[in-house]
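So the chains spell out like this:
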Amino acid sequence: LLLLVAGFLLASALAVLALRWVDPWTSAVMIESRVEAWRDGNTGYRLRQRWVDSPQMSPWCARAVVAAEDQLFSEHAGFDFEAIRKAAEHNARSKRVRGASTISQQVAKNVFLWRGRSWARKGLEVWFTVLIEALWPKERILEVYLNIAEFGRGIYGVEAAAQAFWKKPARRLTRVEAATLAAVLPNPRRYRADAPSPYVQRRRDWILRQMSGIELPAATGGVPRARKAR
């Protein structure tokens, strides 16, 4: 048993280390989506995803997702404990569950894990998040996230989303379009970036206001400087 545990820890660490330089060609969530479509007999399901490096993305993409999902991204080591505390307090008194996952945690579970809620999955999410933060620079974490995040049913990554919704490459996304993509992230299978509901429009406008406080270093397009949400 100890050898099995040690083998898993070593193998997972090597896998995460390799992905610091090797672009993942798929993710656990994408595989799960394909299996769900096959199981449901959905022959029309089409998965769209195309990897693009950070310089091929509009800088508004990084600003928008950090403003929307994780404004302390450049400061924390993978976990926002204040957000976790607030989510726990909210969930204790409400039936509507609120999450507190950082971008690093979302990368961990999207690339390596399955959907759902269990203590085993949460433990693995913590482990992979620690590895990702230890072995990848923040720029790489954000680059992977922008390439694997789901922005619509079967649409993964900003390049596929830009082509699907606006018929143009991700490098040409405007500030408003990037904010609209970020606005659907809480539930991309329910909300649509190409036909935003009133809720998505309100969330987009809030993200646009937050983006004014997100700055990216010139030339690198790398780590956003974050501020707390208003």
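Scroll up for the structure.
Computed from a predicted model, the values in this text were never measured in an experiment.

Parameters at a glance
Every chain is numbered on its own, with residues counted from 1 as its sequence reads. Local features in this predicted model are restricted to residues whose pLDDT is 70 or higher, and side-chain atom pairs enter the listing and the counts only when it is 80 or higher, whereas totals over whole chains, interfaces and linings include all residues. Hydrogen atoms and water are omitted, and side-chain values are computed over all heavy atoms in the structure. Segments assigned H or I by DSSP are reported as helices when at least four residues long, segments assigned E as strands when at least two residues long, and all are numbered from the N terminus. Exposure is judged per residue with a 1.4 Å probe applied to protein chains only, and the accessible area is read against the type maximum: over 50% gives exposed, under 20% gives buried, and values in between give partly exposed. Note on definitions: a residue-residue contact is assigned when non-hydrogen atoms from the two residues lie within 4.5 Å. Angular values range over 0 to 180 degrees, each being the angle between N-to-C directions of two axes fitted as lines to C-alpha atoms, with helices fitted over their stretch in contact. Under this scheme an angle from 65 to 115 degrees is roughly perpendicular, one under 35 degrees roughly parallel, and one over 145 degrees roughly antiparallel; angles in between are oblique. In this scheme, patches are assembled from residues that exceed 30% relative accessible area and form no salt bridge. Like charges are connected within 9 Å, while nonpolar side chains (Val, Leu, Ile, Met, Phe, Trp, Tyr) are connected within 5 Å. Here the accessible surface of atoms and residues is derived via Shrake-Rupley with a 1.4 Å probe, and residues count as covered only by protein chains that are part of the display. By definition here, a salt bridge exists when the distance from a side-chain nitrogen of Lys or Arg to a carboxyl oxygen of Asp or Glu is within 4 Å.

Student: Explanation requested: the side chain of Arg 140 in the structure shown.
Tutor: Within the secondary structure layout, Arg 140 lies in helix 7 (residues 138-148). Note on Arg 140: relative accessible area 6%, which makes it buried. Once residues lying within four places of it in the same chain are set aside, the contact partners of Arg 140 are Leu 19, Arg 20, Trp 21, Val 22, Asp 23, Pro 24 and Trp 51.

Student: I keep staring at the packing of helix 8 (residues 158-166) against helix 9 (residues 175-183) and nothing clicks. Help me out?
Tutor: Working note: a packed helix pair is described by the angle between its axes plus the distance between those axes. Direction vectors running N to C along helix 8 and helix 9 enclose 110°, while the axes themselves pass 12 Å from each other. Comparing the axis directions of helix 8 and helix 9 gives the class roughly perpendicular. Residues Ala 161, Phe 165 and Trp 166 of helix 8 pack against Glu 177, Thr 180 and Leu 181 of helix 9.

Student: Sorry if this is basic, but what is going on with a nonpolar patch on the surface here?
Tutor: A cluster of nonpolar side chains, Leu 1, Leu 4, Val 5, Phe 8 and Leu 9, forms an exposed patch at the surface whose accessible area comes to about 530 Å². Its location among the elements puts Phe 8 in helix 1 (residues 2-18). Using a relative accessible area of 36% as the deciding quantity, one classes Phe 8 as partly exposed.

Student: I would appreciate a short explanation of unusual backbone geometry in the present structure.
Tutor: Only a minority of non-glycine residues have a phi that is not negative, and only a minority of peptide bonds are not trans. One non-glycine residue, Lys 167, lies in the positive phi region at around 55°. Assignment of secondary structure puts Lys 167 in the loop between helix 8 and helix 9.

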